[in-house]
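The lines below spell out each chain.
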Amino acid sequence: MHQLLAILLTLCTLIAAERAAAAEKINVLLPQRNANEAIAPFIAAKYLGYLDQEGIEASYLLAAGSNEVAIQVATGNAPIGWASPAQAVIGMQDGDAQLDLRYFSAVEYRNIWSISVPVDSPVSSVAELKGKRIGVTALGSAGMNYGKAYLRAAGLNPDRDVTFIPIGAGGQAITAMKQKVVDAIVFWETANITFGIAGSPVRQLPIEQKLTTLPDVSLLARNETIKKNPKLLVGFARALAKGLDFCLANRPACVLMTWKIYPESKPAEGTPEQKLERGLKMTTTWDGWTDAQLGDRRGEFIESRWNDLSDFLLQGGQIAKPVPASRMFTNEFVGEINNYDRAAILKQAKEFDLRSLR
């Protein structure tokens, strides 16, 4: 009996080793300088073994921004990147500087950039910002492009009617707001949440509906990878879809998961309940990872919105002519990405023991 058990254990060890050796090891680039709860679906995909099920061993590399992600993927330094599409689409234009990339799985269905004012500001519309100072991280940042579009839509001339001021990010930006160096800011969603947690809450000004639904951070790869290694891309996107389903069904688990993998992301002060409350605020970003038009379908691109993105870039003078939707993304993998038991994932989330993460 002991000999039989030894043989079985040896076989199990050999099978596990073979599976580990067969796993495709890849780097995946995320456009964040620091890890936080907003990327928890990616963490869940790895922590819960969804990537293992696809034969993928992924290492997440944090990059300086979406532009850096697109460049690194284009040069072959990573097969998959999660990036905001504006800069990437600019690089997809015809010409010598073309980025040979395409988006293969949609993630964010709403524009993460907003134009906001401090909560106690008397300003209630973008049009009221005439003559005001608007803060952006840097004058070459994506915030400039979005800010100018919001101003144009409100009937203002962004080159004459306002002044853009670079205020950096984090504490530097908060200081600029507190000292009233700027009257409004154009920042991304997680940054605005962080301002509120830090005691400097902001209020978003209404913008044109067409601009709120511009597509944002999604998964991209080189066209060569899309053609030659679709199994890898489908597997990763499917694992992420499972991670998202789990996180939407059990947000506290995914917050705690983030803190376990990236301890530096856990708030340093407050009671456990207060820390969890802050972490849960960051999870509101996942609400934009789904869209009512698609229901539970994950990864599908909505063509009309990507055409709106092309028009947005054209009106901003960032591209010379419209970029066809077929050049920006492919929906060929949507069926395979959604080929999994969603009910089983939701059951797992419901039954998950939070004590395992504490």
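Model, not experiment: these values are computed from the prediction.

Draft legend 1. Just the overall build of the protein, in detail. Each helix and strand in the protein was counted, giving 17 helices and ten strands. Computed over C-alpha atoms, the radius of gyration of the protein comes to 22 Å, within 12% of the 21 Å expected from 2.2 N^0.38 for 358 residues, which places it in the range of a compact globule. Overall, the C-alpha framework of the protein stretches about 85 × 55 × 35 Å when taken along its three principal axes. By the burial criterion, 51% of the 358 residues in the protein qualify as buried. Each charge sign in the protein was given a centre, from 38 positive and 37 negative side chains, and these centres are 3 Å apart.

Draft legend 2. Expanded view of helix α6 (residues 142–153). Counted at 1.5 Å a residue, the expected span for α6 with its twelve residues is 16 Å, and the 17 Å between its end C-alpha atoms agrees. Within the span of α6, buried status applies to Gly-143, Met-144, Tyr-146, Gly-147, Ala-149, Tyr-150 and Leu-151. Residue Gly-155 follows α6 closely and has a positive phi angle near 90°.

Draft legend 3. Focus on helix α13 (residues 272–282). Within the span of α13, buried status applies to Lys-275, Leu-276, Gly-279 and Met-282. Seen along its axis, α13 keeps its buried residues to an arc of 105°; they face one direction. Elements in contact with the buried residues of α13: α8 (189–197) and α12 (251–261).

Draft legend 4. Spotlight on the pairing of strand β6 (residues 133–136). As paired elements, β6 and strand β7 (residues 163–166) share four bridges and run parallel to each other. Counterpart to Gly-135 in the pairing with β7 is Ile-165. With α6 bridging β6 and the parallel β7, this β-α-β connection has right-handed handedness. Examined bridge by bridge, β6 and strand β8 (residues 184–188) share two bridges and lie parallel to one another.

Draft legend 5. View of the sheet that holds strand β1 (residues 24–30). On the basis of which strands lie adjacent, the open sheet formed by five strands has the order β2-β1-β3-β10-β4 and mixed pairing. If you trace the sheet from one side to the other, it starts and ends with β2 (56–62) and β4 (101–105), each paired once. When the angles between neighbouring strand axes are averaged without regard to direction, this sheet yields 30°. When β1 meets β2, the two strands line up parallel, connected through seven bridges.

Draft legend 6. Representation of unusual backbone geometry within the structure. In this model, Lys-180 sits at a positive phi of 60°, which is unusual for a non-glycine residue. In this structure Lys-180 comes out as exposed when scored by relative accessible area, which is 55%.

Draft legend 7. Focus on the packing of aromatic side chains. In total, this model carries 16 aromatic pairs according to the counting rule given. Between Phe-42 and Tyr-60, the aromatic rings sit 5.9 Å apart at their centres with planes inclined by 85°, giving edge-to-face as the arrangement. Within this pair, whereas Phe-42 is found in helix α2 (residues 40–47), its partner Tyr-60 is found in strand β2, the two being separated by 18 residues in sequence. With relative accessibility at 11%, the residue Tyr-60 sits in the buried group. Measuring from ring centre to ring centre gives 6.2 Å for Phe-42 and Phe-236, while their planes differ by 40°; the resulting arrangement is tilted. You can see Phe-42 sitting in helix α2 and its partner Phe-236 sitting in helix α11 (residues 230–249), a full 194 residues away along the chain. With respect to burial, Phe-42 and Phe-236 carry one shared label: buried.

Draft legend 8. Representation of the state of the cysteines within the structure. Within the structure shown, the criterion is met by one disulfide. Bridging Cys-247 to Cys-254, the disulfide has an S-S length of 2.1 Å. The disulfide joining Cys-247 to Cys-254 has a torsion of about -90° about its S-S bond and is therefore left-handed. Each member of the pair, Cys-247 as well as Cys-254, carries the same accessibility label: buried.

Draft legend 9. Seen up close, the packing of α12 against α13. At a closest axis distance of 10 Å, the pairing of α12 and α13 adopts a crossing angle of 100°. With respect to α13, the element α12 is oriented roughly perpendicular. Contacts between α12 and α13 involve Arg-251, Pro-252, Val-255 and Trp-259 from the former and Lys-275, Leu-276, Gly-279 and Leu-280 from the latter. Among the residues making up the contact of α12 with α13, the classes are represented as five nonpolar, one polar and two charged.

Draft legend 10. Examining the side chain of Gln-32 more closely. Topologically, Gln-32 is positioned in the loop between β1 and α2. On the accessibility criterion, Gln-32 (13% relative accessible area) is buried. A distance of 3.0 Å separates a polar atom in the side chain of Gln-32 from the backbone oxygen of Asn-34. With residues near it in sequence (within four places) discarded, Gln-32 still touches Ala-38, Ile-39, Leu-62, Ala-63 and Trp-82.

Analysis parameters
- Residues numbered from 1 in each chain as written.
- Predicted model: local features only at pLDDT ≥ 70, side-chain atom pairs only at ≥ 80, totals over all residues.
- Heavy atoms only, no water.
- Helix = DSSP H or I, 4+ residues; strand = E, 2+ residues; numbered from the N terminus.
- Rg over C-alpha atoms; globule rule 2.2 N^0.38 Å.
- Buried < 20%, exposed > 50% of the residue type's maximum accessible area, 1.4 Å probe, protein only.
- Lys, Arg positive; Asp, Glu negative; His and termini not counted.
- Charge placed at Lys NZ, Arg CZ, Asp CG, Glu CD.
- Expected span 1.5 Å × (residues − 1).
- Arc of directions from axis to C-beta.
- Contact = heavy atoms within 4.5 Å.
- Pairing = 2+ DSSP bridges.
- Right-handed = clockwise from strand over helix to strand, strands pointing away.
- Axes fitted to C-alpha atoms, helices over the stretch in contact; angles between N-to-C directions.
- Phe/Tyr/Trp six-rings, centres within 6.5 Å; stacked < 30°, edge-to-face > 60°.
- Disulfide = S-S within 2.5 Å.
- Parallel < 35°, antiparallel > 145°, perpendicular 65-115°, else oblique.
- Nonpolar A, V, L, I, M, F, W, Y, C, P; charged D, E, K, R; others polar.
- Polar contact = N/O pair within 3.5 Å; in protein donor to acceptor, adjacent residues only side chain to side chain.

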